[in-house]
Amino acid sequence: MVRLGLIGLGQAAQILHLPNLERMEGQFKITAVADVSRELCGYIAHKYHVEHSFVDAMELIACPDVDAVMIMCAGDHADYAKAALRAGKHVFIEKPMTLDVEKAKELMAVKEQHPELVAMVGYCRRYNESFLKMKELLRQDERPISYVRARTMILEGPWYLENTWQEKKAGDLDPAGRAAMQQAAAGEAIRLLGNQPGRAQILAFLLLAGSGCHILSAVRELIGLPKAVRTAVVSPNGMQFTLILEYDGFNMVFEEMNDQKVVDFDESIEIYQGTRKMHLRYDSPYIRSLPSRLEVSELVQGQAKVSTYGPDYRDMFANEVKEFYRCIVERDTPKCDIFDAAEDVKLFLDIARKFAVS
Ligand SMILES: NC(=O)c1ccc[n+]([C@@H]2O[C@H](COP(=O)([O-])OP(=O)(O)OC[C@H]3O[C@@H](n4cnc5c(N)ncnc54)[C@H](O)[C@@H]3O)[C@@H](O)[C@H]2O)c1
């Protein structure tokens with residue numbers, strides 16, 4: 001039994017992870033929770049029968065009844081992750097791990113001193129079954145890639161959650177605290193970007209690291225890092241950007257928009273390989289347990305053929321926490337570990353430094 005401590009009890013904890021962790025009774029036992037909101041701590045501790053509850057996350061990390069820590073709070077996660085590893089705890093870090101290349105390096109250095117511990121990053125899209133099928137089909141086929149198109153054009157969570165399953169909000173926090181955190185995140189982005197970035201560039205960087213990271217990281221698993229960032233253009237309000245990334249022999253286009261008002265969650269990866277196109281679509285993670293699908297269009301002996309893999313109902317969030325557990329008990333390394341995520345930290349900063357406002 002792995003005794004688990006949760007830091008941050010908001011949307012990610014309540015909607016994405018707690019329902020799966022509860023079903024892993026016998027593998028995980030939640031022994032401690034921490035949130036700056038006392039009210040949320042009390043609510044979750046009562047609902048899930050959790051023994052220890054803290055408003056200071058460092059106290060949770062030090063708690064002797066905790067073997068592994070899940071970091072799901074707002075803000076940069078590297079410092080809590082380092083503290084957890086130093087305290088001898090396995091750690092699951094929700095994305096983004098950090099925006100800061102130097103913090104990523106420090107975290108990797110601490111991890112190297114603790115090879116016995118698991119340090120996993122929550123890139124859920126990479127544990128989606130249709131994604132894994134796409135990767136398998138790509139590996140089995142020699143056809144060269146001619147083009148990759150990916151996007152994250154999303155209506156964010158509040159609309160879906162209002163209409164499906166609303167998480168409990170903290171009622172005891174001063175709204176000024178949230179504003180201060182947003183201010184701090186912008187200040188950190190300004191420091192990291194250098195050269196007095198404009199507002200659109202800052203917002204697009206936070207968007208890229210916060211939600212674009214899912215698909216860009218998934219694409220990196222499929223086809224590796226790009227050779228160069230050719231174009232990075234952001235809209236004046238910072239809420240939409242388009243990238244052209246150069247690979248050996250082909251380009252990839254990635255587009256993200258995060259202020260759309262249409263009720264649509266349009267997140268996908270398309271890989272063109274001459275006579276074949278694979279198209280993976282992700283449905284909204286806010287409505288739980290939607291199936292995923294992979295569509296493969298091919299020209300076979302002059303005939304058009306479309307094959308669909310799925311619908312697959314296995315939940316990517318369940319898959320990733322099961323993988324966290326498996327790696328802990330089998331002393332294995334997850335594919336999405338901190339060394340893997342550090343590749344993204346550098347890539348995202350490289351991209352964001354190139355953002356030009358349209
Ligand atoms: N994998 C996914 O699809 C996915 C989806 C949503 C969020 N996330 C990630 O999960 C994390 C949290 O996002 P969220 O949507 O749950 O945000 P949220 O604002 O709903 O919840 C964050 C919680 O952290 C608490 N908190 C803030 N600072 C804290 C601190 N220092 N110590 C303890 N608690 C603290 C807040 O009070 C709040 O309850 C982010 O890193 C986000 O990127 C991932």
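For the structure, see preceding data.
Conventions adopted
- Residues numbered from 1 in each chain as written.
- Predicted model: local features only at pLDDT ≥ 70, side-chain atom pairs only at ≥ 80, totals over all residues.
- Heavy atoms only, no water.
- Near = heavy atom within 4 Å.
- Polar contact = N/O pair within 3.5 Å; in protein donor to acceptor, adjacent residues only side chain to side chain.
- Helix = DSSP H or I, 4+ residues; strand = E, 2+ residues; numbered from the N terminus.
- 1 Å grid on protein atoms, 1.4 Å probe; cavity = no way out; pocket = protein on both sides within 12 Å on 5 of 7 lines; lining within 4 Å.
- Points joined across faces, edges and corners; volume = space filled by probe spheres on them.
- Nonpolar A, V, L, I, M, F, W, Y, C, P; charged D, E, K, R; others polar.
- Domains from an automatic or database assignment.
- Salt bridge = Lys/Arg side-chain N within 4 Å of Asp/Glu carboxyl O.
- Buried < 20%, exposed > 50% of the residue type's maximum accessible area, 1.4 Å probe, protein only.
- Contact = heavy atoms within 4.5 Å.
- Pairing = 2+ DSSP bridges.
- Axes fitted to C-alpha atoms, helices over the stretch in contact; angles between N-to-C directions.
- Core = buried A, V, L, I, M, F, W, Y, C linked by side-chain atoms within 4.5 Å.
- Phe/Tyr/Trp six-rings, centres within 6.5 Å; stacked < 30°, edge-to-face > 60°.
- Expected span 1.5 Å × (residues − 1).
- Arc of directions from axis to C-beta.

Draft legend 1. Here's a closer look at the site of the ligand. In the region of the ligand, 25 residues are neighbours, and Gln-11, Ala-12, Asp-35, His-77 and Lys-95 sit closest. Between the ligand and Gln-11, the relevant distance is 2.9 Å, taken from an oxygen atom to a main-chain nitrogen or oxygen of the residue. At 3.4 Å from a nitrogen atom of the ligand is found a main-chain nitrogen or oxygen belonging to Val-36. Per-element accounting of the shell around the ligand gives the leading share, three residues, to helix α1 (residues 11-23).

Draft legend 2. How the structure looks around empty space enclosed by the protein. With the rule as written, the count across this model stands at three cavities of 30 Å³ or more. When its volume is computed, the largest cavity comes out at roughly 160 Å³. Grouping the amino acids of the lining of the largest cavity by side-chain chemistry returns seven nonpolar, four polar and four charged. For the second largest cavity, the full set of lining residues is Pro-96, Met-97, Thr-98, Leu-99, Tyr-123, Ala-209, Ala-341, Val-345 and Phe-348. It is helix α11 (residues 338-354) that contributes the most residues to the lining of the second largest cavity, three residues altogether. Partitioned by chemical class, the residues of the lining of the second largest cavity number eight nonpolar, one polar and no charged. Here the lining of the second largest cavity gathers at least three residues from each of two domains, domain 1 (2-124 + 318-335) and domain 2 (126-314 + 344-357).

Draft legend 3. Inspection of the pattern of salt bridges at higher detail. Summed over all chains, the structure comprises 35 salt bridges. For Glu-188, the salt bridge identified is with Arg-191, shortest N-O distance 3.0 Å. Residue Glu-188 and its partner Arg-191 are located together in helix α8 (residues 175-193), separated by three residues, close to a single helical turn. Residue Arg-326 pairs with Glu-330 through a salt bridge whose shortest N-O separation is 2.8 Å. On the criterion of helical spacing, the pair formed by Arg-326 and Glu-330 is a turn pair, its members being four residues apart in helix α10 (residues 316-330). Residue Arg-326 is classed as partly exposed on the basis of its relative accessible area of 26%.

Draft legend 4. Broad picture of the side chain of Asn-20. Mapped onto the fold, Asn-20 is located in helix α1. In this structure the side chain of Asn-20 is engaged in a polar contact, spanning 3.0 Å, whose partner is the side chain of Asp-315. Beyond its immediate stretch of four places on either side in the chain, Asn-20 contacts Arg-288, Asp-315, Phe-317, Ala-318 and Val-321.

Draft legend 5. Quick look at the sheet that holds strand β10 (residues 250-257). Across the sheet, which stays open at both edges, the nine strands sit in the order β14-β13-β12-β11-β7-β10-β9-β8-β15 with mixed pairing between neighbours. On the outer flanks of this sheet lie β14 (303-312) and β15 (356-357), each paired with one strand and no other. Bridge count for strand β13 (residues 292-300) against β14 is eight bridges, and the pairing is antiparallel. Counted as the bridge partner of Glu-295 is Thr-308 from β14. Its contacts with the sheet place helix α9 (residues 199-223) against β7 (147-154), β8 (228-234), β9 (240-247), β10, β11 (265-273), β12 (276-282) and β15, and it is angled at close to 135° to β10. Sheet strands touched by α11: β8, β9 and β15. Its angle to β8, the strand with the most contacts, is close to 55°.

Draft legend 6. Layout of the nonpolar core. Counting 109 residues, the largest nonpolar core has Leu-6, Met-97, Ile-269, Phe-324 and Phe-355 as its most contacted members. Per element, the largest residue contribution to this core is 14 residues, and it comes from α9. Core analysis: the second largest hydrophobic core is formed by eleven residues, Leu-16, Ile-154, Tyr-160 and Leu-161 among them.

Draft legend 7. Fine view of the pairing of β7. With respect to burial, β7 is a largely interior element, six of its eight residues being buried. Alignment of β7 against β10, held across seven bridges, turns out to be parallel. Following the sheet pairing, Ala-150 is matched in β10 by Phe-254.

Draft legend 8. Geometry of the layout of surface pockets. In this structure, the second largest pocket encloses a volume near 250 Å³. For the lining of the second largest pocket, the elements supplying multiple residues, two or more each, are α1 and β2 (28-34). When residues in the lining of the second largest pocket are grouped by element, the largest group, three residues, is from β2. Per-class residue counts for the lining of the second largest pocket are five nonpolar, two polar and four charged.

Draft legend 9. Spatial organisation of the packing of aromatic side chains. With the rule as written, the count across this model stands at ten aromatic pairs. A ring pair is formed by Phe-241 and Phe-254, whose centres lie 6.1 Å apart and whose planes are at 45°; its orientation type is tilted. Here Phe-241 is found in strand β9, whereas its partner Phe-254 is found in strand β10, with 13 residues between them in sequence. Looking at Phe-241, the relative accessible area reads 0%, which means it is buried. Arranged with centres 5.1 Å apart and planes meeting at 5°, the rings of Tyr-247 and Phe-250 form a pair that is stacked. Judged by relative accessible area, Phe-250 falls into the buried class, the value being 11%.

Draft legend 10. Highlighting helix α5 (residues 101-112). Over its twelve residues, α5 extends 17 Å from the first C-alpha to the last, a length consistent with the 16 Å expected when each residue adds 1.5 Å. Along α5, the positions that sit buried rather than exposed are Lys-103, Ala-104, Leu-107, Met-108, Val-110 and Lys-111. Along the axis of α5, the buried residues cluster in a sector spanning 160°; they form a single face. Buried residues along α5 sit against α4 (78-86), β5 (90-94), β6 (119-122) and α11. Between the side-chain oxygen at the start of α5 and the backbone nitrogen of Glu-102 there is a gap of 2.9 Å, and the oxygen is on Asp-100.

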